[in-house]
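Results of the structural survey
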Amino acid sequence: MNMLTDTLRSLFSRDLNKLKEELELYKDEANIWRIDGNILNSAGNLCLHLVGNLNTYIGGVLGQSGYIRNRPEEFSLKDIPRNELISKIEKTITVLNATLPLVTEEQIQEAYPQHLDGDKLTTGYFLVHLATHLAYHLGQVNYHRRLLDQ
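Let me begin by describing the structure that accompanies this report. What you see is a predicted model; the values in this text were computed from it and never measured.

Definitions and limits used
- Residues numbered from 1 in each chain as written.
- Predicted model: local features only at pLDDT ≥ 70, side-chain atom pairs only at ≥ 80, totals over all residues.
- Heavy atoms only, no water.
- Helix = DSSP H or I, 4+ residues; strand = E, 2+ residues; numbered from the N terminus.
- Rg over C-alpha atoms; globule rule 2.2 N^0.38 Å.
- Core = buried A, V, L, I, M, F, W, Y, C linked by side-chain atoms within 4.5 Å.
- Buried < 20%, exposed > 50% of the residue type's maximum accessible area, 1.4 Å probe, protein only.
- Expected span 1.5 Å × (residues − 1).
- Arc of directions from axis to C-beta.
- Contact = heavy atoms within 4.5 Å.
- Phe/Tyr/Trp six-rings, centres within 6.5 Å; stacked < 30°, edge-to-face > 60°.
- Axes fitted to C-alpha atoms, helices over the stretch in contact; angles between N-to-C directions.
- Parallel < 35°, antiparallel > 145°, perpendicular 65-115°, else oblique.
- Left-handed = near helix turned anticlockwise from the far one by under 90°.
- Nonpolar A, V, L, I, M, F, W, Y, C, P; charged D, E, K, R; others polar.

**So, the overall build of the chain**
- Looking only at helices and strands, one finds six helices and zero strands in the chain.
- Counting from the amino terminus, helix and strand elements in the chain follow one another as α-α-α-α-α-α.
- By the compact-globule yardstick of 15 Å for 150 residues, the chain fits well, its C-alpha radius of gyration being 16 Å.
- Considered along the principal axes of its C-alpha atoms, the chain spans approximately 50 × 30 × 25 Å.

**Concerning the nonpolar core**
- Counting residues in hydrophobic clusters, the biggest one holds 36 residues, and the most contacted among them are F12 and L23.
- Looking at this core, the elements that each hand over two or more residues are helix 1 (3-25), helix 2 (43-62), helix 4 (82-99) and helix 6 (123-148).
- Looking at this core, the element that brings in the most residues is helix 2, giving 10 residues.

**Structural notes on helix 4**
- The end-to-end C-alpha distance of helix 4, which contains 18 residues, comes to 26 Å, matching closely the 26 Å that a straight helix rising 1.5 Å per residue would cover.
- For helix 4, the complete set of buried residues consists of R82, L85, I86, I89, T92, I93, L96 and T99. The arc that holds every buried residue of helix 4, seen down its axis, measures 150°, which confines them to one face. Those residues of helix 4 that are exposed and angled more than 90 degrees off the buried face are N83, K91 and T94.
- In this structure, the buried side of helix 4 is in contact with helix 1 and helix 2.

**Focus on the packing of aromatic side chains**
- Using the criterion set out here, one finds three aromatic pairs in the structure.
- Measuring from ring centre to ring centre gives 6.4 Å for Y57 and Y112, while their planes differ by 65°; the resulting arrangement is edge-to-face. Placement of the pair is Y57 in helix 2 and Y112 in the loop between helix 5 (105-109) and helix 6, with a sequence separation of 55 residues. Both residues of the pair, Y57 and Y112, belong to the buried class.
- Seen in terms of ring centroids, Y57 and F126 are 5.1 Å apart; in terms of plane orientation they differ by 90°. Their pairing is edge-to-face. Residue Y57 is found in helix 2, and its partner F126 is found in helix 6; the two are separated by 69 residues along the sequence. Across this residue pair, the class does not change: Y57 and F126 are buried.
- Among the aromatic residues, ring-to-ring pairing joins Y57, Y112 and F126 into one connected group.

**Considering the environment of L8**
- The residue L8 is located in helix 1 in this model.
- Separated by 119 residues in sequence, L8 and L127 have C-alpha atoms that sit 7.7 Å apart.
- Setting aside chain neighbours within four positions, we find L8 in contact with L100, L127, V128 and A131.

**A look at the packing of helix 1 against helix 2**
- Relative orientation of the contacting elements helix 1 and helix 2 amounts to 155°, with a least axis distance of 11 Å. By the angle between their directions, the pair helix 1 and helix 2 is classed as roughly antiparallel. In this structure, helix 1 crosses over helix 2, and the sense of that crossing is left-handed. Across the interface between the two elements, F12, L16, L19 and L23 of helix 1 pack against A43, C47, L50, L54 and I58 of helix 2.
- A class-by-class count of the residues in the contact of helix 1 with helix 2 yields nine nonpolar, no polar and no charged.

Below is the structure:
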């Protein structure tokens, strides 16, 4: 294992556990799926999006887990029980903890194996991007909860 993947593994675990905590903090479970005005993505859909994203790009591509993503459902599914969302997060943590230690220093420096929107990114760069993407949406979930779960 290298320093980058060790650091990222720690950050992914920290932030995915924080996502679980945010979902657990909703007083009214139905509010996880609430949208209002200009808030068009519910916390539940953001959770599904993050789980799908990480399972695709880390588990599926780097870990060859066989995960098949259905991105439209990440934003169209509704009213999945909180405990199922939490289970999906826990399974994602397991996948990341199994996959990231297998990523070699050479892979980190090489182009990410999947073509992404015309950009050739190194695997290291893309993994850091995935961590910042998680943090961005985690902040949205926190704000969503504080604004719409009163």
